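# Structural description and commentary
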Amino acid sequence: MEKKIAVYICTGCGIGDALDIDALSKVASKEFKANICKTDAFLCGKSGIDLIKQDIDGEGVNTVVVAGCSSRVNTDVFNFGPDKIVERVNLREQVIWCHPGEDEDTQMLAEDYLRMSLAKLKNLNLPEPFIGENLSSTVLVVGGGFTGLTAALESARAGYKTVLVEKEAELGGYVGKMYKQVPMKPPFTDLEENSIPALIKAVEDAGVKVYTSAVIAKTAGGPGMFDVTINQNGTDVEERVGSIVLATGAKPYEPEKLGHLGFGQYKNVITQLMFEEMVAAGKMDANKVAFIQCAGSRDQEHLPYCSAACCIESIKQALYVKEKNPEANVYVYYKDIRSNGQYEHFYKKAQQAGVIFIKGDITDISESDGQLTIEADDHTMGTKSVADEFDLVVLANGMVPTAALGETVEEAPAEDEAAAASDEPKVTVAPIIKSNLLNLEYRQGPELPALKYGFPDSHYICFPYETRRTGIYAAGVVRAPMDMLSAAEDATGAALKAIQCIESTLKGEAVHPRSGDMSFPEFNMNRCTQCKRCTEECPFGAINEDEKANPLPNPTRCRRCGTCMGACPERIISFKNYSVPMIGNMVKAIEVPEEADEKPRILIFACENDAIPALDMAGINRLQYNPWVRIIPVRCLGSLNLVWINDAMAKGFDGVLLMGCKHGDDYQCHFMKGSELAEIRLSKISETLNRLGLESERVRATTVNIMDYDKIPAMLDEFAAELEEFGPNPMKDFQ
């Protein structure tokens, strides 16, 4: 569309006192020929919004530039409809709140930010949403245990057609075999009847379509258009669904590996599940029982992690014994009792019932005449303890997610161009385990990427339930070890995320973290060299490829991070509102003073997810930082295209800093690998800088999270000091 641009400069919040507003207006009206340029002392107030709306209605303005506060605030206030472009210039948090007012450098900074935004508009267009064909609003739940049934019920009750697939002949899973269950409601002290029968009836009453004795043979497509082949008793059935909840649960850790605790040696050493079945069948008549916690869990030789539910389940089973015979002797040997949240009340109830808890490590279990003796190092008393005449020893043998059961997919050997590039550093890739749960027809592998213990990836801080495959949400113990109460909340959360995905896809919008973004990557295939970098680096498996290695994008799987755009050496990938030329124009719009002016310039590409909020926080806290910096927000450092750095250095910038999210095991990157990818790409540009006679240290990557805001001034000052030692960029005066 032909843009009619109006620039509105807010003078409130101290902006008018700190900056020369007339000079700013000249940048808009004289340099960039904006059609309209106005100021207002309270732009986010009614009078300011009315001013803008009057120009939209009366003057035909369709592109609004708001120079005032951060784009992270007042997003609803400055929303003028989907047919209007709105660009925000941050004069408050990143200019006057972190730099002195009425200062030459601060004024230059403000004018540069306005130039950057106006230059950005040249290649910025309104997104046109991708709407797939024959979109489905059906939620598929894989797994018919407690979590799967809960997710299916919540989805159906929300009004969405729901399909449930369970591989066993009956619904219920592990919980279905329980005699009773842990408390799920206040006061969290009493055993409750097994909820599975009522849950199954509620699912049936809600109209959920259930397949039992069924597995997922194939999953193709993407959100809104998943074509799922369900094999039920040898017969294939096709279902088109909009999103998927994976709730396949976990399996008990193999007790055969716990011979050191007597399993397999003594028939009276059993597992939690065996005890549960024994009680449910009315065959438990023991009067002295020991429960041994962390049998395999928190053990580097077995399961390094805590299985989270074992302590509560053992407390429950100890109360089974006390319920049948209050005089029975019940011992619980533990490392730490982990009765999370309200379950502390349940723990206290067991103590009051006479259950004896011993903090210690088991050193030996032996048997004589059918009764068991336990020796342990008692950590509380600091002595060795011996207890005998146990009728039963029950091992809390932990859990292994079903997603971890299978062989790891081996990476395909490099060939042709990929082989030639084999010496290049590559981003670490999460393993894919062939667990036969979803059987995805994705170029990146048949199942969800896994963390090191085989749990499907899910960021516990930023996006629980989200996986690296858009539209597929893991819930319950397949996602992480958890107790029943947590699993119920997890199931509900995953169902809501699945519904959110369906609704977003119907409107052509992205899901988290760029919720509502209606752009999607467009490929100029005429220049594609089939290098595969976009398909290999996409963190979400959004791009398949054909037999000739041509990329086959799946727009509904895309999270709009722009990693493919940054990866493409031919720069053939762009978004309507985010592209290589657009950022390039912003770089070129910044005024770089001549060397004699002694005003260095540092360009910062800052990730919008953590770095930009941290920079805003620095401003909110009035932390002063270096006025030489110019900040360009990017969707993710994974979208960084090296040509931007080339442009910056050629223009005379003295240094470039990339500020992204932390990566590694405890990563903060909203797009999984963005910072890591950027650092790998930097290793390539270092060689180019060295050939040009520029120090490679002039370009650096760093990671921050939002709480590092107080470190930002020192971080920037330190980088600026190092650049001063290098001296000015020799390219500066060639402009």
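The model shown is predicted, which means the values in this text are computed figures rather than measured ones.

### Some remarks on the packing of helix α6 (residues 146-157) against helix α12 (residues 484-507)
Remark: α6 packs on α12, axes separated minimally by 8 Å, with the N-to-C direction vectors making an angle of 40°. Compared by their axis directions, α6 and α12 come out oblique. Relative to α12, the crossing made by α6 is right-handed. Only Met484, Ala487, Ala488, Ala491, Thr492, Ala495 and Ile499 of α12 make contact with α6, whose side of the interface consists of Phe146, Thr147, Thr150, Ala151, Glu154 and Ser155. Along the lines of polarity and charge, the residues of the contact of α6 with α12 split into 8 nonpolar, 4 polar and 1 charged.

### Some remarks on the confidence of the model for the protein
Summing up the model confidence of the protein, the mean pLDDT is 93 and the portion of residues at 70 or higher is 97%. A low-confidence stretch, residues 417-422 (pLDDT under 50), is modelled with 4 contacts involving residues beyond four sequence positions or located in other chains.

### Section: the side chain of Asp610
The topology assignment puts Asp610 in the loop between β30 (602-607) and α16 (611-620). For the buried residue Asp610, which engages in no salt bridge, the nearest side chain bearing the opposite charge is Arg72, 8.0 Å off. A polar atom in the side chain of Asp610 sits 3.3 Å from the backbone nitrogen of Ile706. Not counting residues within four places of it along the chain, the set of residues in contact with Asp610 comprises Cys661, Gln668, His670, Val704, Asn705 and Ile706.

### Considerations on α6
Over its 12 residues, α6 runs 16 Å from end to end, which matches the ideal 16 Å to within 8%, given 1.5 Å per residue. For α6, the tally of buried residues reaches 10 of 12 residues, placing the bulk of the element in the interior. Of the positions making up α6, those classed as buried are Phe146, Thr147, Gly148, Leu149, Thr150, Ala151, Ala152, Leu153, Ser155 and Ala156. Residues of α6 that are buried sit in contact with β5 (139-142), β6 (162-165), α7 (196-205), β13 (243-246) and α12. Gly159, located one to two residues past α6, shows a positive phi value of around 95°.

### Here we look at the sheet that holds strand β12 (residues 235-241)
The sheet built from 3 strands is open, its strands ordered β10-β11-β12 with antiparallel pairing. Each edge of the sheet is formed by a strand with only one pairing partner; in this case those strands are β10 (214-220) and β12. On average, adjacent strands in this sheet sit at an angle of 25° to one another, irrespective of strand direction. Here 6 bridges tie β10 to strand β11 (residues 226-232), and the two strands are oriented antiparallel to one another.

### So, empty space enclosed by the protein
Tallied over the entire structure, the rule returns 5 cavities of 30 Å³ or more. Taken as a whole, the largest cavity spans an internal volume of roughly 130 Å³. As for the largest cavity, its lining consists of 18 residues, and the residues nearest its centre are Pro521, Cys538, Ala542, Cys558 and Cys564. Partitioning the lining of the largest cavity into residue classes produces 13 nonpolar, 3 polar and 2 charged.

### Section: the sheet that holds strand β1 (residues 5-10)
Sheet architecture is open: 4 strands sit in the order β2-β1-β3-β4, paired in parallel fashion. Where the open sheet ends on each side, the last strands, each with one partner, are β2 (36-40) and β4 (85-90). Direction aside, neighbouring strands of the sheet carry axes that sit 20° apart on average. In the sheet, β1 pairs with strand β3 (residues 63-68) via 5 bridges, with the strands oriented parallel. Within β3, the residue paired with Val7 across the bridge is Val65.

### Topic: the pattern of salt bridges
Taken as a whole and assessed by the stated rule, the structure comprises 41 salt bridges. With a closest N to O distance of 2.9 Å, Arg240 and Asp227 form a salt bridge. Here Arg240 is found in strand β12, whereas its partner Asp227 is found in strand β11, with 13 residues between them in sequence. Between Glu254 and Lys257 there is a salt bridge; the shortest N-O distance is 3.1 Å. Using a relative accessible area of 42% as the deciding quantity, one classes Glu254 as partly exposed. By sharing partners, the salt bridges in this structure join Glu31, Glu111, Asp112, Arg115, Glu591 and Arg630 into a single network.

Reading the values: rules and limits
Residues numbered from 1 in each chain as written. Predicted model: local features only at pLDDT ≥ 70, side-chain atom pairs only at ≥ 80, totals over all residues. Heavy atoms only, no water. Axes fitted to C-alpha atoms, helices over the stretch in contact; angles between N-to-C directions. Helix = DSSP H or I, 4+ residues; strand = E, 2+ residues; numbered from the N terminus. Parallel < 35°, antiparallel > 145°, perpendicular 65-115°, else oblique. Left-handed = near helix turned anticlockwise from the far one by under 90°. Contact = heavy atoms within 4.5 Å. Nonpolar A, V, L, I, M, F, W, Y, C, P; charged D, E, K, R; others polar. pLDDT = per-residue confidence, 0-100. Buried < 20%, exposed > 50% of the residue type's maximum accessible area, 1.4 Å probe, protein only. Lys, Arg positive; Asp, Glu negative; His and termini not counted. Salt bridge = Lys/Arg side-chain N within 4 Å of Asp/Glu carboxyl O. Polar contact = N/O pair within 3.5 Å; in protein donor to acceptor, adjacent residues only side chain to side chain. Expected span 1.5 Å × (residues − 1). Pairing = 2+ DSSP bridges. 1 Å grid on protein atoms, 1.4 Å probe; cavity = no way out; pocket = protein on both sides within 12 Å on 5 of 7 lines; lining within 4 Å. Points joined across faces, edges and corners; volume = space filled by probe spheres on them.

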